[in-house]
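# Geometric and topological summary
The chain contents come next:
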Amino acid sequence: MRGNGMNDLIKVPFSSFLPIENELKGELDSCFKRVLERSWYIKGEEGRNFEEQFAKYCGAKYCVGVGNGLDAIMLALRAVGVGNGDEVIIPAHTFIATALAITYCGATPVMVDIDEKTFCINPNKIIEKITKRTKAIIVVHLYGHSCNMDAIMQVAKENDLEIIEDCAQAHGCMYKGRHVGTFGKVGCFSFYPGKNLGALGDAGAVITNDKKTMETIRALGNYGSDKKYHHLYKGVNSRLDELQAAFLGVKLSCLDKMNNERITIASKYLTKIKNNNIELPKEDNNVKHVWHIFAIKCEERDRLQEYLENRGVGTNIHYPIPIHLQPCYKDLGYLKGDYPIAEKVCDTELSLPMFYGMTNEEIEYVIDVINDFR
Ligand SMILES: *Cc1c(COP(=O)(O)O)cnc(C)c1O
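A brief look at the structure comes next.

Parameters and conventions
- Residues numbered from 1 in each chain as written.
- Predicted model: local features only at pLDDT ≥ 70, side-chain atom pairs only at ≥ 80, totals over all residues.
- Heavy atoms only, no water.
- Helix = DSSP H or I, 4+ residues; strand = E, 2+ residues; numbered from the N terminus.
- Rg over C-alpha atoms; globule rule 2.2 N^0.38 Å.
- Buried < 20%, exposed > 50% of the residue type's maximum accessible area, 1.4 Å probe, protein only.
- Contact = heavy atoms within 4.5 Å.
- Areas by Shrake-Rupley, 256 points an atom, 1.4 Å probe, with all protein chains shown as cover.
- Lys, Arg positive; Asp, Glu negative; His and termini not counted.
- Charge placed at Lys NZ, Arg CZ, Asp CG, Glu CD.
- Pairing = 2+ DSSP bridges.
- Near = heavy atom within 4 Å.
- Polar contact = N/O pair within 3.5 Å; in protein donor to acceptor, adjacent residues only side chain to side chain.
- 1 Å grid on protein atoms, 1.4 Å probe; cavity = no way out; pocket = protein on both sides within 12 Å on 5 of 7 lines; lining within 4 Å.
- Sits in = over half its atoms within 2 Å of the grid points.
- Nonpolar A, V, L, I, M, F, W, Y, C, P; charged D, E, K, R; others polar.
- Salt bridge = Lys/Arg side-chain N within 4 Å of Asp/Glu carboxyl O.
- Axes fitted to C-alpha atoms, helices over the stretch in contact; angles between N-to-C directions.
- Left-handed = near helix turned anticlockwise from the far one by under 90°.
- Points joined across faces, edges and corners; volume = space filled by probe spheres on them.
- Parallel < 35°, antiparallel > 145°, perpendicular 65-115°, else oblique.

A few words on the overall build of the chain. Of the regular secondary structure elements, the chain holds 11 helices and 15 strands. Compactness check: the chain gives a C-alpha radius of gyration of 21 Å against a globular reference of 21 Å for 374 residues, within 12% of the reference. Across its three principal axes, the chain shows a C-alpha extent of roughly 65 × 55 × 35 Å. Scored against the burial criterion, the 374 residues of the chain give a buried share of 54%. Looking at the chain alone, contacts between residues at least 24 apart form 70% of all its contacts between residues at least 6 apart. Only carbon and sulfur atoms are counted for the fraction: they give 51% of the accessible area of the chain, which is about 16,700 Å². Treating the 45 positive side-chain charges of the chain as one cloud and the 49 negative ones as another, the clouds have centres 4 Å apart.

Structure below.
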């Protein structure tokens, strides 16, 4: 247990970076020393090495490091030509960044309800939202579980739409043995510290098999510059810095080990949590789930969360408000009831503790406390 005194209520945190950081401290320290000694901080050897290493890990031809996950999606959209007046389809249940990336391009996000079982976009409901203005679909591999890529690729092909994959929660996740991010034109990753592969600050990347797309994204993220002081596009400043790239290289070599541990924790939760008030998450047979989030559902979610908090178990809600009901998107004119499944998930979802280095004692404690919930 992590509590360190009689009055310390936190027995199991929702998440902790300490176990992996303690394990890698020596290597992370030497990254810092190496970068400092080289005295080169943006667009250098560390960035190039990480890009190569990450592309190889995912089975993609190219990787471009960028500033964060939001920029990764925004730059991918710009690279496939999304702009003013276009529409882009997204799931109604995702982190706000998926929608904001579209807004930043001058385009409009169009929501599609999710599948109850996987929490991901329902491919059967995409078609009814396609208009003349629809340019692309952003699929989100939410909570570490892949979308149904066969069905989505089919819809995209039939309607001549680009696919962008938001893989911010799905590093290492696979669909039919192939890494997510390699199905669409571009796969977008965030390395925010809390993700399955996290930097020690903000960072992100895109992967693609298309050379032109790679070059466009690289230029767009570097002031639209294809060569020094020559600006092809009205770009932005969004680059992966050398220090974060070096840290990420070290963390990447542990990604499979960290994901495997998440898988072990998830399978303990799945086999040992037994409570009729709680619905456990499911995993599609075609998917290697990497459990970024272990999402349970409970009709009395708020009471369960408070109950767990009182017993020292940290939890979170991903997410309490669906995109279409966010105040910032009031202008889109959506109403409560427009996306019933997303809304239901927002009202009932609770995320349990899940992190590399969680002890067996901590896992068993969470299970016992949940099983005693009445
Ligand atoms: C975290 C996240 C992002 C944004 O990543 P940042 O690095 O925080 O900008 C985008 N989409 C999803 C689904 C995320 O979870």
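So much for the structure itself; the text now carries on.
On to the sheet that holds strand E13 (residues 287-288), then. In a beta sheet, neighbouring strands are held together by backbone hydrogen bonds and run either parallel or antiparallel to one another. Pairing within the open sheet is antiparallel, and its 3 strands lie in the order E7-E6-E13. Every other strand in the sheet has two partners, leaving strand E7 (178-179) and E13 as the edge strands with one partner each. Relative to E7, strand E6 (residues 174-175) runs antiparallel, the two being bridged by 2 bridges. Counterpart to Met174 in the pairing with E7 is His179.

This part takes up the site of the ligand. As a structural note, the neighbourhood of the ligand is formed by 14 residues, with Gly69, Asp166, Gln169, Ser190 and Lys195 the closest of them. Lys195 is positioned with one of its side-chain polar atoms (N or O) 2.7 Å from an oxygen atom of the ligand. A majority-of-atoms criterion places the ligand in the largest pocket. Contributing elements (two or more residues each) for the shell around the ligand: helix H3 (69-79) and helix H4 (97-104). Looking at which element gives the most residues to the shell around the ligand, the answer is H3, with 3 residues. Of the residues belonging to the shell around the ligand, the class tally is 6 nonpolar, 6 polar and 2 charged.

What follows concerns the pattern of salt bridges. One pass over the full model with this rule turns up 16 salt bridges. A salt bridge links Lys25 to Asp29; the nearest nitrogen and oxygen atoms lie 3.0 Å apart. On the criterion of helical spacing, the pair formed by Lys25 and Asp29 is a turn pair, its members being 4 residues apart in helix H1 (residues 18-38). Given the relative accessible area of 47%, Lys25 is considered partly exposed. In this structure Asp29 comes out as partly exposed when scored by relative accessible area, which is 36%. Close ionic contact of Glu364 with Lys272 constitutes a salt bridge, the shortest N to O distance being 2.8 Å. Taken as a pair, Glu364 in helix H11 (residues 360-371) and Lys272 in helix H8 (residues 255-272) lie far apart in primary sequence, 92 residues in all. According to the relative accessible area criterion, Glu364 is partly exposed, its value standing at 23%. Judged by its relative accessible area of 38%, Lys272 is partly exposed.

What follows is about the side chain of Thr118. By secondary structure assignment, the location of Thr118 is in the loop between strand E3 (108-112) and strand E4 (134-140). Within the structure, Thr118 has its side chain in polar contact with the side chain of Asp115 (distance 3.0 Å).

What follows concerns the packing of helix H2 (residues 45-58) against helix H7 (residues 242-252). In the contact formed by H2 and H7, the axes pass within 8 Å of each other and the chain directions differ by 35°. Our pair here, H2 against H7, has a crossing hand that is left-handed. Contacts from Glu45, Glu46, Gly47, Phe50, Gln53, Phe54 and Tyr57 in H2 reach Glu242, Ala245, Ala246, Leu248, Gly249 and Leu252 in H7. Here the contact of H2 with H7 is built from residues that sort into 7 nonpolar, 3 polar and 3 charged.

Under the counting rule described, the total for this entry stands at 1 cavity of 30 Å³ or more. Its volume calculated, the largest cavity comes out at about 50 Å³. Taken together, Thr118, Phe119, Leu142, Tyr143, His145, Pro281, Lys282, His289, Trp291, Ile293 and Ala295 make up the lining of the largest cavity. Grouping the amino acids of the lining of the largest cavity by side-chain chemistry returns 7 nonpolar, 3 polar and 1 charged.

Here we come to the packing of H3 against H4. Closest axis-to-axis distance for the H3/H4 pair is 8 Å, and the angle between their directions is 45°. The angle between H3 and H4 places the two elements in the oblique class. Along this stretch, H3 crosses H4, giving a crossing that reads as right-handed. Mapping the contact onto sequence places Leu70, Ile73, Met74 and Leu77 in H3 and Ala97, Thr98, Leu100, Ala101, Ile102 and Tyr104 in H4.

Another point: the sheet that holds strand E1 (residues 62-66). In space, the 7 strands of this open sheet follow the order E1-E9-E8-E5-E4-E2-E3, with mixed pairing throughout. In this open sheet, the two strands that pair with only one neighbour each are E1 and E3. Recorded for the sheet is a direction-independent mean angle of 25° between the axes of neighbouring strands. Sheet topology note: the strand E2 (residues 87-91)/E3 ladder contains 5 bridges and is parallel.

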